[in-house]
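# Architecture and fold: a report
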Amino acid sequence: MLLWINGPFGGGKTQTAHEIQRRLPGSVICDPEHPGFGLRRMLPAELRADFQDLTSWRQGVVEVLDLALAKHDGVVIAPMTVTNSDYFAQTVGRLRELGHDVRHFTLLAERETVLKRLRERGFGHLARIVVGKNADKNADKNAGLRRESWAVQQLDHCLERLSEPEFAEHLWTDHSTVPKTADRIAVLAGLKLRPNNEGALRTRLRQVRVGIRHIRFD
C-alpha cells in the first residue's frame, strides 16, 4: 500500500509521514522531494524552477515508487504536494494504473493555521522550546515567514486547488495534533498503528528535529 500525503507547504505532510512511520512497523518513507531537488541542483541557477515541471521527475517518482511497492514488504509513505491535475494523474494516477493500492490524503488547514506552522518550522522553534515559550515574544514574528517566502507565495494557490474533489480524501487539521492526524489516516486506510505513548515534550523535540532535517536552502 502507498500512502500519498498531500497538502500545502507547511501543512504537516512530513511530520505526519514520520509519525506514521514511527508507529507502523515495516513502513518506509520514500520522499518524492529528494529526486526533485537533485534534478533542480543539476541545472544552472537561472534555469531552476519548479522541479515538478520536469517530465523526468514525474517519471522517476513513478519508477521508484513502483519498485518500492513491488519489492518492499510494508507500507510506503510519500509526503508530497501536488496541485497540478495533469501531474497528479501522471504520478498518483499512474501508480494506480500499475495496480498499486494507493491511498491519497490531503491535509488542509485555514490560511492562518498554515502561516503559524511556517513561522514555527526549524531552528527558531527549537530555541523557544529550550529557552522557554516566551523567549522570542518581542522578536520579529515574521522572520520565519521570510525564510519560508516561497511556501507563503504558494499557499493561497495550494489551498484553493487542493480543496477540489479530485484531491480527496480531505483531512482538516486546524484542531488536530500530528499523532491524531496520523491516527485518522490509519483508520481510513485500514491500518493499525502502535499506541502513541510518547510524552508531549519528547514529541515536540522529535518534531523539531524532523523539521530541521527538512529545511531547504535552495
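Scope of this entry: the structure provided in the associated data block. (Residues numbered from 1 in each chain as written. Predicted model: local features only at pLDDT ≥ 70, side-chain atom pairs only at ≥ 80, totals over all residues. Heavy atoms only, no water.)

The end-to-end C-alpha distance of helix α4 (residues 85–97) is 16 Å, clearly below the 18 Å that 13 residues give at a rise of 1.5 Å each. Most pronounced at T91, the bend in α4 amounts to some 25 degrees. Among all positions of α4, only Y87, F88, T91, V92 and L95 are buried. One side-chain oxygen of the residue at the start of α4 lies 2.8 Å from the amide nitrogen of D86, identifying that residue as N84. Backbone geometry just after α4 places G99 at a positive phi near 95 degrees. (Helix = DSSP H or I, 4+ residues; strand = E, 2+ residues; numbered from the N terminus. Expected span 1.5 Å × (residues − 1). Bend = angle between axes of the 7 residues up to and from the residue. Buried < 20%, exposed > 50% of the residue type's maximum accessible area, 1.4 Å probe, protein only. Polar contact = N/O pair within 3.5 Å; in protein donor to acceptor, adjacent residues only side chain to side chain.)

The next subject is the nonpolar core. Among the nonpolar cores identified, the biggest contains 32 residues, and L2, W4, L65, V76, V82 and L95 are the most heavily contacted of them. Among the elements of the structure, β1 (2–6), α3 (55–71), β3 (76–79), α4, β4 (102–108), α5 (111–120) and α8 (149–162) are those that each provide at least two residues to this core. Sort the elements by how many residues they give to this core and α3 lands first, with six residues. Discounting residues that sit within four places of it in the chain, V76 has contacts with M1, L2, L3, V28, C30, L65, A68 and L69. Judged by nonpolar contacts, the second largest core, of 15 residues, contains L3, I5, F105 and I185. (Core = buried A, V, L, I, M, F, W, Y, C linked by side-chain atoms within 4.5 Å. Contact = heavy atoms within 4.5 Å.)

Moving on, we get to the pattern of salt bridges. This structure, assessed with the given rule, holds nine salt bridges. For the salt bridge of R94 with E97, the shortest nitrogen-to-oxygen distance reads 3.2 Å. You can see R94 and its partner E97 sitting in helix α4, three residues apart, about one turn around the helix. Two residues, R202 and E198, come together in a salt bridge whose shortest N-O distance is 3.8 Å. Residue R202 is classed as exposed on the basis of its relative accessible area of 60%. Residues joined in a network through salt bridges with shared partners are E19, R22, R23, D183, E198 and R202. (Salt bridge = Lys/Arg side-chain N within 4 Å of Asp/Glu carboxyl O.)

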